[in-house]
Structure formats: structure tokens, C-alpha cells
Amino acid sequence: MVAQTTAGSMADMGAKTGGCVTTFLLIMHGLLAVALLGGLTHQAVAVLWPARQTGGFATSYRAVAAARFTNANIVFYVLTFVLGAVIYPPYRIAVRTWIERARLWHISGLFEYKEQALAIGLAMLPFFWLVWRDPKDQATSVARKWTTAILCVIVWYSFIAGHIVNNVRGLFGQ
Amino acid sequence: MNITRVFGLFAAVFAVAYTIAFEWHWELFSYHPRTGEFGWGQQPSKGGPVMHWYGAIGTGFVAALIVSAAALPFTRTRTFPLWLGWAIPLTCIVAWAWFLRNFFLR
């Protein structure tokens, strides 16, 4: 009986420790996503709506040297993606199962679409780097605009969807 | 040969292969998060949820690497259209909205 209780307590402690690590990684995932969101939005706005000169807040926001964001955005995307992939199994066990039992299909669908779009976006990163290699090359101008816009929309959608899912049922939430 | 010339093709093939892998259950492997086990192909449940996402990404990457490597010699004489790198992935992303519509129409 004592052994069973001790074993049970050890299992609880293990679950709590694992839960803390997962929560920490989830917060890191969120912070990296914020950095990615900021960088990619800057780059997308600058390429889709370029400003000729700096002035107020809006024109200054658009007047950045967009190409300088490329490598940072790729690194942030990969890091955010990898962290998301690491914390996916606890989500699958603790959160999605609960969401499905609660028959919140639209919430589950939001996350399903996020994972598909992000995976496709991941494979676009080498091409994203290529079209930004020479930002003055007119031959890649259309591809540069579309690729940046697509990745920006993917990241914005994923950020909002992840936030909604986390609000509905955070990891190990009650 | 210039490896950067197949980056657009890589993105396109990955998007198509990933989508087909998920829809037709051609995942490279499956993962059982409750037991921490991996298994080749699509696996049935072992008393818990089964994750196919990693396996579908694996299928997509293997297919994209094979096709890109096969296309590499052709980059000496021809260039692949740039729209492959964004239009095909965009089409697949739109297609996924259709595949997942039942989540939102229940």
C-alpha cells in the first residue's frame, strides 16, 4: 500500500515536472512566434507596400530594409516550428482528446489547418531565401511578393489559431 | 548545376506529396505519443492516439528531395518557372481548407 502510494506520488511528480517543461516550451514557442510575426509582417508590408521616404509611424514601418529580415525570419520560423513539433505530443494527448470529447470540432479544425499550412510553409523557406537573395532583381519580384505574403498569412493564422486553442484548453489546464 | 535553382520545385513537390501523403495515408511513419513508439507507415492505435503529422512531413521531404535531386542535372540547360515555388504551395493550402471543411460544417 505504501509502495503503491509512493509510486503514485512519484508518477504525479513526474507528470508535474513534465507539465512544467511543456508549459515552459509552450511559452518559448509563443515568444518565438511573436518575434517571427513581427519580423515577417515588417518584411511583408515593406515589400507589398513600399515607402519612398520615412515620415510618420506607418511610413517608417514600411520603409525598412526588408531583405535584412530574411535570415532572421527563417531562423525564427524553424525554431518556432521545431518547438511546436516538440510540444505537439502532449497537446495530442492532453488537449486535443479533451477538445474532441467536448465536440468542439471547429476548434480542432483550426489547429488541423494550422499544422498543414505550417508544414507547407516550412518547405517554402529555401525558396523564400532564394527570392530575397537579391531584392533588386526584377525577375523574382512577383515570386518575392507572393512568397512573403503567403508565409505572413500562414504565420498570422497560426498565431491566432494557436492562441484560440490555448485559450480553450491550455496544456494541462483544468 | 546550381542547387538553388530547384528550391521552387522542392517547395512545390513537398506541398503536393505532403497533401497526398496525408489524404491517402502514405505517411512514412507513425508516432504513438502515449507510449513514445514509432512505426513504419500508417499504424493502428495502440490504446491511445496515433500521430501521422511527422510521418507526412517525412514523406513530403523524401519525395521533394528525390524529385529535386533528379531535376538537378536539368538546371544546366533550363530553369524551372518561379511560380512553382509559391503557386503550387498556395493551391495546396487552399485545397486543405476544402479537405478540412467538415470540421467547420458539423
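This text follows the structure it describes.
Note that this is a predicted model, so its numbers are computed, not measured.

1. Some points on the pairing of strand S1 (residues 29-32) of chain B
All names here are of chain B. Where S1 and strand S2 (residues 37-40) come together, four bridges link them in antiparallel fashion. Residue pairing across strands places Ser-30 opposite Gly-39, the latter belonging to S2. Hairpin connection of S1 to S2: four residues between the antiparallel strands, including Gly-36 at a positive phi of 75 degrees.

2. Digging into the nonpolar core
Counting 70 residues, the largest nonpolar core has A:Tyr77, B:Tyr18 and B:Trp53 as the members making the most contacts within it. For this core, the secondary structure elements donating two or more residues are helix H1 (2-48), helix H3 (70-86), helix H4 (88-101), helix H5 (105-132) and helix H6 (141-168) of chain A together with helix H1 (7-23), helix H2 (53-71) and helix H3 (84-99) of chain B. A per-element tally of this core places H5(A) first, with 17 residues. If near-sequence neighbours (up to four positions away) are discounted, B:Trp53 is found in contact with A:Phe81, A:Ala85, A:Tyr88, A:Glu115, A:Gln116, A:Ala119, B:Tyr18 and B:Phe22.

3. Some words on the packing of H3(A) against H5(A)
All names here are of chain A. Closest axis-to-axis distance for the H3/H5 pair is 10 Å, and the angle between their directions is 160 degrees. The angle between H3 and H5 falls in the class roughly antiparallel. The handedness of the crossing between H3 and H5 is left-handed. Every residue of H5 that contacts H3 at Thr-70, Asn-71, Asn-73, Ile-74, Tyr-77, Val-78 and Phe-81 is listed here: Ala-117, Leu-118, Ala-119, Gly-121, Leu-122, Leu-125, Phe-128, Trp-129 and Trp-132.

4. Describing the side chain of A:Arg96
All names here are of chain A. Take Arg-96: it is sitting in helix H4. Looking at Arg-96, its side chain comes within polar contact range of the side chain of Glu-112, at 2.6 Å. Those residues within four positions of Arg-96 in sequence are excluded, and the remaining contacts are Tyr-88, Tyr-91, Ser-108 and Glu-112.

5. Re empty space enclosed by the protein
Residues and elements named next belong to chain B. Applying the stated rule across the entire model yields one cavity of 30 Å³ or more. Within this model, the largest cavity holds a volume of roughly 40 Å³. His-32, Pro-33, Arg-34, Thr-35, Lys-46, Gly-47, Gly-48 and Pro-49 are the residues that line the largest cavity. Per-class residue counts for the lining of the largest cavity are two nonpolar, four polar and two charged.

Calculation criteria
- Each chain carries its own residue numbering, running from 1 in the written order of its sequence.
- Each chain takes a letter, starting from A, and each ligand takes a number, starting from 1, following the order in which they are written.
- In view of the model being predicted, local features appear only for residues whose pLDDT reaches at least 70, and side-chain atom pairs are presented and counted only at 80 or more, with totals across whole chains, interfaces and linings using the full set of residues.
- Each side-chain value is worked out from all heavy atoms of the structure, with water and hydrogens disregarded.
- By the convention used here, strands pair only if DSSP detects at least 2 bridges between them.
- A run of H or I in DSSP becomes a helix once it reaches four residues, and a run of E becomes a strand once it reaches two; helices and strands are each numbered from the N terminus.
- We define a nonpolar core as any set of buried Ala, Val, Leu, Ile, Met, Phe, Trp, Tyr and Cys residues linked to one another through side-chain atoms lying within 4.5 Å.
- Each residue's exposure class comes from its accessible area (1.4 Å probe, protein chains only) as a fraction of the maximum for that residue type: buried when under 20%, exposed when over 50%, partly exposed otherwise.
- It only takes one pair of heavy atoms within 4.5 Å for two residues to be counted as in contact.
- Fitting a line to C-alpha atoms yields each axis, with helices limited to the stretch in contact; the angle taken between N-to-C directions then spans 0 to 180 degrees.
- The cut-offs work like this: below 35 degrees is roughly parallel, past 145 is roughly antiparallel, 65 to 115 is roughly perpendicular, and the gaps in between are oblique.
- Less than a right angle of anticlockwise turn of the near helix away from the far helix marks a crossing as left-handed, whereas a clockwise turn marks it as right-handed.
- Any pair of N or O atoms that falls within 3.5 Å is considered a polar contact. Within protein, one atom must be able to donate a hydrogen and the other to accept it, and sequence-neighbouring residues count only if both atoms are side-chain atoms.
- Points on a 1 Å grid over protein atoms alone make up a cavity when a 1.4 Å probe fits among them but cannot get out, and a pocket when they form an open set with protein on both sides within 12 Å along at least five of seven lines; lining residues each have an atom within 4 Å of a point.
- Grid points are joined across faces, edges and corners, and a volume is the space filled by probe spheres set on the points.
- Residue polarity is assigned by list, with Asp, Glu, Lys and Arg as charged and Ala, Val, Leu, Ile, Met, Phe, Trp, Tyr, Cys and Pro as nonpolar; anything else, Gly included, falls into the polar class.

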